[in-house]
Amino acid sequence: MARLPLFLAAILSLLPIVLAQSLPLHSSSRWILDSNGARVKLRCVNWAGHMETNIPEGLDKQSIPFIADWIRDNGFNCVRLTYSVDHALSPSTLVSSSFSAAASAASVPLASMQTLYGNVLTHNPSIAGATTRDVFGAVVDNLWARGIMTVLDNHVSKASWCCNLTDGNGWWDSAFGYNAINSRYFNTQDWLAGLQAMASWARTHPGVVAMSLRNELRAFLLQDLNGRRDWYALVRQGGGVVHAANPDVLVVVGGVLGGTDLSHVRSRMLDTSGWAGKHVWEMHAYSYTVNFPDPLGSCEVVQAEYGAFSGFVLEQGQPYTAPLLLSEFGVGMSGGSEQGLNTKDSRYLQCLVDYMQNNDADWAVWALQGSYYVRDGVVDWDEGWGLLNHDWSGWRNGAFKGMLGNMWKVTQQP
């Protein structure tokens, strides 16, 4: 029986679509609203697509429809789908070629990557002859056919694991020459071109409702040498590029210090007039986040830190007021406690959940993937932080969903 081309299969998958939201979305004060003015609360899971193969992870384990069904069936209405600038600027790369190139990029045997590619075709035969962009399209369209929205996130420039201070993906190649190590792969013009390319592409994939300009901008103390001038100038430029190419999508903006610090907009608001009515802030919070220490074992102190660095943007009636997406948080799923978390992670998660429940903010948990094609030179790397188990068949920790409590619910309205 002849196989349908991937693009045609994706189009056919849209036929039974039941629209979960009336698009496009927009922002008003601290809320995300649909085109009818009803509140939309993003309840997302991160799905990595920014690694060396330049396609979303897990397709060697399960089919795209299987994974999309799992996401829908477990209460998520959104996926934060990560991509690299490498991918954005190379839309015609065949998946077969990308897997072969990944062997060299990740310093692993070619035969190992070819085996993985064969497994991808076993579960997703329509990927034969497809490009990496075709696969992103199939993922986005399969999600939207189930009412699941997509937030595209530019995670890195060079397709690779993220993040640290020396990975070369952290800060623009702009001022003072201090970015030689931290930004050796961050070419500003390529970044802007990548945003434009992905925003333009997303116009033909209505499930893409938002685009995050860049993941975890980081130069730490050095970024303050010029009053965060680079951040103000280049975030404004990036947001303008996205909005000009695709006026329908929300523009998601993170702060500095690895996406944890927006405190500077208290005194000097970012100029978002280039995407008025489409602005969303984002923040990250982990148990190890430098900005959120817990030396006293006090949840109240940590929650005050969340508010001081980023959560304050939810205060209504301020120049900086906008929706806030907690776009990354998570825990290792293999700790020693009854619920599968270690003591530190359990305390952190309870405190963060309480903060999020009180504010009823939007969120995206890290991460969906139970494995990576290749990471840090290891083929078929097991992701201990993944919601899914190694073969992507079900929950790694069945208790985790319940630990998020009322974060699943909408408890506040405009």
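Residues numbered from 1 in each chain as written. Predicted model: local features only at pLDDT ≥ 70, side-chain atom pairs only at ≥ 80, totals over all residues. Heavy atoms only, no water.

The protein goes by Glycoside hydrolase family 5 protein in an unreviewed UniProt entry, where it is assigned to Podospora appendiculata.

**Examining the pattern of salt bridges**
Side chains carrying opposite charge are able to pair once their charged atoms draw close together. Using the criterion set out here, one finds 16 salt bridges in the structure. Across the pair Asp376 and Arg375 runs a salt bridge, and its minimum N-O distance is 3.6 Å. In this structure Asp376 comes out as exposed when scored by relative accessible area, which is 52%. In this structure, Asp382 and Arg396 form a salt bridge, with 3.1 Å as the shortest nitrogen-oxygen distance. On the criterion of sequence distance, the pair formed by Asp382 in strand E12 (residues 378-382) and Arg396 in the loop between E12 and helix H11 (400-403) is long-range, its members being 14 residues apart. Connected through salt bridges with shared partners, the residues Asp69, Arg72, Asp73 and Arg146 form a single ionic network. (Salt bridge = Lys/Arg side-chain N within 4 Å of Asp/Glu carboxyl O. Buried < 20%, exposed > 50% of the residue type's maximum accessible area, 1.4 Å probe, protein only. Helix = DSSP H or I, 4+ residues; strand = E, 2+ residues; numbered from the N terminus.)

**Thoughts on the sheet that holds strand E5 (residues 149-156)**
In spatial order, the strands read E3-E4-E5-E6-E7-E8-E9-E10; together these 8 strands close into a barrel with parallel pairing. Within this sheet the neighbouring strands show an average axis-to-axis angle of 25°, counted without direction. Of the pairings in the sheet, the one linking strand E3 (residues 43-47) to strand E10 (residues 362-365) comprises 3 bridges and is parallel in character. When the sheet's bridge partners are listed, Arg43 is paired in E10 with Trp363. Here helix H6 (residues 132-144) sits on the sheet in contact with E3, strand E4 (78-84), E5 and strand E6 (208-212), set at roughly 170° to E4. (Pairing = 2+ DSSP bridges. Axes fitted to C-alpha atoms, helices over the stretch in contact; angles between N-to-C directions. Contact = heavy atoms within 4.5 Å.)

**Brief notes about the pairing of E5**
With 8 of 8 residues buried, E5 lies mostly within the body of the structure. Where E4 lies against E5, 7 bridges are found, and the strand directions are parallel. In the strand pairing of E5, Arg80 is matched with Val151. Across 4 bridges, the pairing between E5 and E6 is parallel. Bridge pairing in E6 links Val151 to Ala210.

**Brief notes about unusual backbone geometry**
Omega for the peptide link from Leu23 to Pro24 comes to 5°, which places this bond in the cis form. Among the secondary structure elements, Pro24 is positioned in the loop between helix H1 (6-13) and strand E1 (26-28). Note that the residue after Trp366, namely Ala367, is joined by a cis bond; omega there is 5°. Note that Ala367 resides in the loop between E10 and strand E11 (371-375). In the Ramachandran plot, Asn54 falls in the positive-phi region, its phi being about 60° despite a non-glycine side chain. Structurally, Asn54 can be placed in the loop between E3 and helix H2 (64-73). Residue Asn54 is classed as buried on the basis of its relative accessible area, which comes to 12%.

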